[in-house]
Structures are given as structure tokens and as C-alpha cells.
Amino acid sequence: MKKECIAMLLAGGQGSRLYVLTENMAKPAVPFGGKNRIIDFPLSNCTNAGIDTVGVLTQYRPLELNSYIGSGQPWDLDRDDGGVHILPPYQSATGASWYKGTANAIYQNIGFVDMYDPDYVVVLSGDHIYKMDYADMLANHKRAGAACTISVMEVPWNEASRFGIMSVNEADEITEFAEKPKEPKSNLASMGIYVFTWSKLREYLIADELDETSDNDFGKNIIPAMLGKQEKMVAYRFAGYWKDVGTLDSLWDANMDMLATGSGLDLLEKDWPIYSRSASAPPAFLGSESHVEHSVVARGCTVEGTAENSVLSEGCTVGAGADVQYSILMPGAVVEKGAKVSYAIIGEKTRVGANAVIGSIPDGGEGWGITVVGPETAVPADYRLAANHMLNRDLKEVAR
């Protein structure tokens with residue numbers, strides 16, 4: 001069945017800057033906000049924007065991600081005439097296998113896109129927290145008669161050198177692109193969200209694949225090539241909440257933003273819901289001696305101690321006398337009696353032993369930072385893990 005527009009969601013990244021959290025799972029599968037995972041955001045955006053056909057390109061440690069997406073039912077993407085499709089790399093007759101870059105990932109799935117014969121393709125990343133109406137971006141692309149539309153947002157000038165920067169004219173047509181420039185000419189940062197006219201993108205993907213010197217990357221190769229050929233490329237200005245959660249600090253920041261009034265990140269917004277595959281669990285239980293303040297406590301949690309300014313995901317436990325401050329407990333995490341967890345991220349199914357101390361409250365001294373314990377780690381009783389350190393399931397401790 002022909003579709004006007006389909007989405008291709010790049011979800012194969014290793015997420016190496018999330019260290020112990022992604023040793024055994026793809027970055028888009030990392031839990032967020034108590035009941036969600038990162039990939040819920042682009043999938044929900046597609047559903048809310050009326051895009052009902054999504055290819056999810058996986059590669060690194062895809063098992064948990066594939067299982068989580070399943071048939072796509074939580075996002076209303078379990079359809080016979082489209083829906084969600086998992087697209088792993090595969091061995092072809094010509095020998096291609098692993099995705100070599102973002103552009104190569106789409107190139108290897110040209111056949112999938114052609115099956116729906118779309119006029120337009122939205123290319124998305126699976127590691128951003130944001131709400132965006134792709135239908136509005138597509139309408140802007142069509143009005144402009146563009147070959148490519150790139151979503152951009154203004155960033156502080158002193159941070160612009162960290163991003164791919166777009167220079168535009170008075171009509172918001174892109175005139176120049178610079179990847180992490182030392183002296184930026186603009187503060188419009190690319191968000192890595194694209195709308196392409198498919199017939200144009202298809203040509204450039206094929207040409208890029210034939211170039212043996214190419215990195216097969218959208219930012220490094222496809223976008224500069226289209227600019228070089230003077231294709232019409234326009235910027236779509238986005239002013240809402242957006243955060244790339246590719247680092248431990250940014251992941252922690254985004255969770256804290258969710259708790260903050262006025263941050264722009266509201267996961268309870270009824271007219272733009274973020275859907276998820278929630279586990280079946282009873283309501284949270286708060287003990288008579290518990291104290292919960294300014295925190296998210298998801299279904300299935302048991303809290304006997306204290307949780308302040310924290311995110312407790314589904315099925316977590318905070319034992320009697322335990323104290324959790326400014327921290328994220330991922331699904332199934334247990335903090336036993338008397339333990340203290342401060343400014344930390346505790347991985348899925350991890351158990352923090354009784355009276356252990358994980359992280360610390362910042363006092364302005366050097367060396368402070370977010371402390372991280374990887375998934376399925378059994379932290380011994382009375383263990384001490386200093387601020388800005390990581391611990392994996394083998395109890396190997398490293399400074400960040």
C-alpha cells in the first residue's frame with residue numbers, strides 16, 4: 001500500500017557514553033521517567049503525528065529493544081497496512097552486513113522504503129527526549145518545495161561549537177552546514193531530525209554508497225552533498241523541550257527536568273501522550289514510615305524509607321530507613337534498609353545492600369558527579385561508592 005510518508009528510526013547505536021547502562025542493551029531501550037524507555041518518544045511522536053509506518057533500524061544488543069517494541073501495539077503500530085517493522089542488518093548477495101553509518105543503514109533498507117512507495121521519509125534518532133509534531137514539519141517541507149528539511153533549535157552561542165550548525169537566509173533556507181565549528185556563524189543546531197523527499201534522498205544514498213571514501217553518514221556526507229548540488233534545503237525551527245540523552249549526565253538531567261515545574265517536559269500531557277509498554281503491576285505501596293517528596297513513584301513500587309526529588313521506576317523497592325535523594329532507580333532496583341543513594345543512577349534489577357552508601361550530596365568540592373551502578377549488580381552491604389564513580393555487575397569500580 002502506498003504511503004505519503006513513512007518514518008525510519010535509527011536505533012542501532014551502542015550508546016558507549018552511557019557506559020555500564022548500555023553494556024547489554026541498545027541505548028534507545030534505556031528506561032526513562034519511571035515507566036518509559038527512550039524509544040517511546042519518537043514512536044509516540046509518529047503515532048500522534050499520524051505516521052503509521054515506522055522502520056526501526058537496530059544493530060547493537062537489540063534483544064531487549066526488539067522484545068520491548070514487539071508488535072507495536074502500545075503505540076497503535078500493530079497494523080497490517082504499515083505498522084512498526086524491526087530492520088536489523090543482514091547478509092545480502094553483495095556481502096553487505098553491519099550498518100556502516102546512518103546513511104548506509106537507510107541505504108540497506110531502500111527495498112523496505114520502496115515497498116511503501118512514499119513521497120516523503122522522516123529520518124529520526126532513537127536517543128532523544130522530546131515531543132514534536134512531525135506532521136507540522138512535513139507540511140512545512142511541502143510548502144517550501146524542499147528536497148530536505150532539517151529540524152533546528154537555537155542554542156546558547158557558547159555551546160554552538162558542540163553541534164552541527166546550520167546557517168540560513170531570511171527564508172530559512174539552509175546556506176551552509178558546519179559540524180562542530182570552532183567559530184560558529186550561527187546558533188541554529190541540527191537536531192538530527194530530517195524530512196526528505198524520497199526520490200531525492202534515494203539518489204543521494206545510492207551515490208554515497210558508491211563513494212568508497214564516504215563515512216556513509218547523514219551529517220558528514222549526505223547533507224553536505226545535497227548542499228553542494230544546491231538542492232533546496234530548509235530549516236524547521238523547534239522551540240520545545242529537546243535533549244540528547246547520550247551521556248550519563250544528560251540522562252540524569254532529563255529525568256530531573258521531568259520533575260521540574262516549567263521545564264517544558266510534561267509526560268502527563270493528555271493531548272500529546274507518550275505511550276509505553278508498561279509492565280503489569282499493582283499500585284505503589286507507601287509504608288506508614290515512608291516519606292516521598294517531589295518524586296515519581298511508578299506502579300509496583302514499595303517504599304518504606306525516604307525518596308526525595310527522585311524517579312522510582314516500575315517495581316522498585318526502598319527499604320525501611322533507606323534514603324534516596326536526587327536519583328534514578330531503574331525498573332526492579334532495590335535499595336535495602338539503611339542504604340543511602342544520592343545523585344545516582346541505579347540500573348535495572350540492581351540491589352543496593354543494607355547500609356551501603358552510593359554517591360553523595362554535592363558540597364561544591366572537586367570530583368563531584370553523578371554516580372552510576374550498572375544493571376543486575378549486587379552491591380554488598382556497607383559498600384561505599386564515591387561520587388562520580390561507576391560500578392558494574394562484576395563489582396569493578398571505575399572513576400568517570
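J.: What exactly am I supposed to notice about the sheet that holds strand β24 (residues 340-342) here?
T.: In sheet architecture, strand pairing relies on hydrogen bonds along the backbone and comes in two forms, parallel and antiparallel. As summarised here, the arrangement of the six strands in space is β15-β18-β21-β24-β27-β30, forming an open sheet in which the pairing is parallel. The outermost strands of the open sheet, each flanked by one partner alone, are β15 (291-293) and β30 (384-385). Sheet topology note: the β24/strand β27 (residues 357-358) ladder contains two bridges and is parallel. Looking across to β27, one finds that K340 is bridged to V357.

J.: I keep staring at the environment of D114 and nothing clicks. Help me out?
T.: Topologically, D114 is positioned in helix α4 (residues 110-116). Along the sequence, D114 and S167 sit 53 residues apart, while their C-alpha atoms lie 32 Å from each other. Once you skip the residues sitting within four places of it in the chain, D114 turns out to touch W198 and R202.

J.: I would appreciate a short explanation of the pattern of salt bridges in the present structure.
T.: When the charged atoms of two side chains with opposite charge come close together, those side chains can pair. As enumerated under the stated definition, the model contains 21 salt bridges in all. A salt bridge links D172 to R237; the nearest nitrogen and oxygen atoms lie 3.0 Å apart. In this pair, D172 is assigned in the loop between β9 (164-168) and β10 (174-179) and R237 in strand β12 (residues 233-237), connecting sequence segments 65 residues apart. By relative accessible area, R237 is classed as partly exposed at 42%.

J.: Just checking my understanding: could you explain the environment of P118 for this structure?
T.: By the element assignment, P118 lies in the loop between α4 and β6 (120-125). According to the relative accessible area criterion, P118 is buried, its value standing at 5%. Sequence-wise, P118 and I223 are 105 residues apart; in three dimensions their C-alpha atoms are separated by 20 Å.

J.: What is the right way to read the pairing of strand β4 (residues 53-57) from this model?
T.: Both faces of the sheet carry side chains from a regular strand, because those side chains alternate between them. Taking burial as the measure, the five residues of β4 include five buried ones, the bulk of the element. Neither face of β4 is exposed, since T53, G55 and L57 on one face and V54 and V56 on the opposite face are all buried. Where strand β1 (residues 5-10) and β4 come together, four bridges link them in parallel fashion. The partner of A7 across the bridge, within β4, is V54. Taking the sense of rotation as the criterion, the β-α-β connection linking β4, helix α2 (residues 63-69) and strand β5 (residues 83-87) turns out right-handed.

J.: Just to check I follow, could you spell out the environment of G50 for this structure?
T.: With respect to the element layout, G50 can be found in the loop between α1 (40-48) and β4. A relative accessible area of 60% places G50 in the exposed class. A C-alpha to C-alpha distance of 31 Å links G50 and W252, two positions 202 residues apart in sequence.

J.: It is not clear to me how the packing of aromatic side chains should be interpreted in this structure. Could you clarify?
T.: Aromatic rings considered in pairs are described by the distance between their centres and by the relative angle of their planes. Counted by the stated rule, this structure contains nine aromatic pairs. For the pair Y326 and Y343, a centre-to-centre distance of 4.8 Å together with 15° between the ring planes defines the contact as stacked. Within this pair, whereas Y326 is found in the loop between β21 (323-325) and β22 (328-329), its partner Y343 is found in the loop between β24 and β25 (344-346), the two being separated by 17 residues in sequence. Take Y326: its relative accessible area is 31%, and that puts it in the partly exposed class. One aromatic cluster is present, built from ring pairs that chain together Y194, F196 and F218. Here the guanidinium or amino end of R37 rests over the ring plane of Y68, the centre of that ring lying 5.4 Å away.

J.: Explain the pairing of β9 here, please?
T.: A large share of β9 lies buried, amounting to four of its five residues. What sits between the antiparallel neighbours β9 and β10 is a turn of five residues, in which D172 has the positive phi angle 60°. With two bridges connecting them, β9 and strand β11 (residues 188-197) associate as antiparallel partners. The partner of I165 across the bridge, within β11, is A189.

Thresholds applied
In every chain, residue numbers begin from 1 and rise along the written sequence. For this predicted model, a pLDDT threshold of at least 70 governs which residues receive local features, and a threshold of 80 or more governs which side-chain atom pairs are given and counted, while totals over whole chains, interfaces and linings are taken from all residues. Based on all heavy atoms of the structure, the side-chain values leave hydrogens and waters out of the count. At least two DSSP bridges between two strands are required for those strands to pair. Secondary structure elements follow DSSP: runs of H or I of four or more residues count as helices, runs of E of two or more count as strands, with numbering from the N terminus. Whether two residues are in contact is decided by their heavy atoms: any pair within 4.5 Å suffices. For this document, the term salt bridge refers to a Lys or Arg side-chain nitrogen within 4 Å of an Asp or Glu carboxyl oxygen. Exposure is judged per residue with a 1.4 Å probe applied to protein chains only, and the accessible area is read against the type maximum: over 50% gives exposed, under 20% gives buried, and values in between give partly exposed. Convention used here: a crossover is right-handed provided that the path from the first strand, over the helix, to the second strand proceeds clockwise when the strands point away from the viewer. Pairing of aromatic side chains here covers Phe, Tyr and the six-membered ring of Trp, requires ring centres within 6.5 Å, and sorts the geometry by plane angle: under 30 degrees stacked, over 60 edge-to-face, intermediate tilted. Both a distance and an angle decide whether a charge sits over a ring: NZ of Lys or CZ of Arg must be within 6 Å of the ring centre and within 35 degrees of the ring normal.

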